[in-house]
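Tertiary structure, described
Now for the letters of each chain:
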Amino acid sequence: MKKIKQIVTHYPLSVLCIIMVWILSLTPFFPETPLDNVALIDKWTHTVMYGGLVCTIWCEYFSNHQHVDWEKLAFWGWLAPILMSGMLELIQEYCTMGHRNGDWLDFAANAIGATLGATVGLLVKYSWIKTQ
């Protein structure tokens, strides 16, 4: 329980983003919007959602640590969100009673978004260092 409290204390925005990703991924129905007519809007949504999540994780990590453990950050800040997205796609396919569908292209969009988010997190870190 102490470890969970420490994670929530040090990474509140990341935890909030993770909770929101789970809620959005498992909500059975979404209302129609004018953006439904945009080509690949679902894939763009996945890319932005996971990009924002991973960027938030990386920025909070950098703000909480003087020394960067790159292996730990690569696992928990990049690979773990991708694995979580794969798990959510499987849950959507097999556990939502047909209300949601898992999709390999969604998983690919999530991985692309996570990679872009990590890249933006690095850019923020190194641009911040140059300004200080």
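Bear in mind the structure is a predicted one, so any value in this text is a computation, not a measurement. (Residues numbered from 1 in each chain as written. Predicted model: local features only at pLDDT ≥ 70, side-chain atom pairs only at ≥ 80, totals over all residues. Heavy atoms only, no water.)

Some details on the pattern of salt bridges
Here the structure, examined in full by the defined rule, presents three salt bridges. Here Asp106 ties to Lys43 by a salt bridge, and the two come within 2.7 Å at their closest N and O atoms. Placement of the pair is Asp106 in helix H5 (residues 104-131) and Lys43 in helix H3 (residues 41-64), with a sequence separation of 63 residues. Take Asp106: its relative accessible area is 5%, and that puts it in the buried class. In this structure Lys43 comes out as buried when scored by relative accessible area, which is 18%. Each of Asp42, Lys43, Asp103 and Asp106 takes part in a single network of salt bridges with overlapping partners. (Salt bridge = Lys/Arg side-chain N within 4 Å of Asp/Glu carboxyl O. Helix = DSSP H or I, 4+ residues; strand = E, 2+ residues; numbered from the N terminus. Buried < 20%, exposed > 50% of the residue type's maximum accessible area, 1.4 Å probe, protein only.)

Here we look at unusual backbone geometry
Positive phi is not limited to glycine here, since Leu40 has a value of about 60°. Here Leu40 is to be found in the loop between helix H2 (12-26) and H3. Residues other than glycine seldom take positive phi values, yet Met97 does so here, at roughly 55°. Residue placement: Met97 occurs in the loop between helix H4 (70-95) and H5.

Comments concerning the nonpolar core
Judged by nonpolar contacts, the single largest core of 17 residues is most densely connected at Val21, Tyr50 and Trp58. Elements represented by at least two residues in this core include exactly H3, H4 and H5. Aside from chain neighbours lying at most four places away, what touches Tyr50 is Val21, Pro81, Met84, Ser85, Leu88, Asn110, Gly113 and Ala114. (Core = buried A, V, L, I, M, F, W, Y, C linked by side-chain atoms within 4.5 Å. Contact = heavy atoms within 4.5 Å.)

Concerning the layout of surface pockets
One number sums up the size of the largest pocket: a volume of about 660 Å³. Along the walls of the largest pocket sit 20 residues, with Ile7, Tyr11, Ile18, Ile57 and Trp76 positioned nearest its centre. Breaking the lining of the largest pocket down by element, the ones donating at least two residues are helix H1 (2-10), H2, H3 and H4. Considering each element in turn, the lining of the largest pocket owes the most residues, seven residues, to H4. Looking at the lining of the largest pocket residue by residue, the class counts come to 13 nonpolar, five polar and two charged. Space inside the second largest pocket adds up to approximately 480 Å³. If you go around the second largest pocket, you meet 14 residues; those closest to its centre are Phe30, Asp36, Ile41, Asp42 and Thr45. (1 Å grid on protein atoms, 1.4 Å probe; cavity = no way out; pocket = protein on both sides within 12 Å on 5 of 7 lines; lining within 4 Å. Points joined across faces, edges and corners; volume = space filled by probe spheres on them. Nonpolar A, V, L, I, M, F, W, Y, C, P; charged D, E, K, R; others polar.)

Considerations on the packing of aromatic side chains
Here the structure, examined in full by the defined rule, presents six aromatic pairs. With a centroid separation of 6.5 Å and an interplanar angle of 50°, the aromatic rings of Trp58 and Trp70 are classed as tilted. Linking Trp58 in helix H3 with Trp70 in helix H4, this pair joins segments that are twelve residues apart in sequence. Here Trp58 falls in the buried class, since its relative accessible area comes to 6%. Judged by its relative accessible area of 39%, Trp70 is partly exposed. Plain terms: the ring middles of Trp104 and Phe107 are 6.0 Å apart, the flat faces sit at 85° to each other, and that makes the pair edge-to-face. Of this pair, Trp104 and Phe107 both sit in helix H5, separated by three residues, roughly a single helical turn. We classify Trp104 as exposed; its relative accessible area is 70%. Pairwise contacts between aromatic rings join Trp58, Tyr61, Phe62 and Trp70 into one cluster. Cation over ring: Lys125 sits above Phe62, and NZ or CZ is 5.1 Å from the ring centre. Its end group placed over the ring of Tyr126, Lys125 keeps NZ or CZ at 5.5 Å from the ring centre. (Phe/Tyr/Trp six-rings, centres within 6.5 Å; stacked < 30°, edge-to-face > 60°. Lys NZ or Arg CZ within 6 Å of the ring centre and 35° of its normal.)

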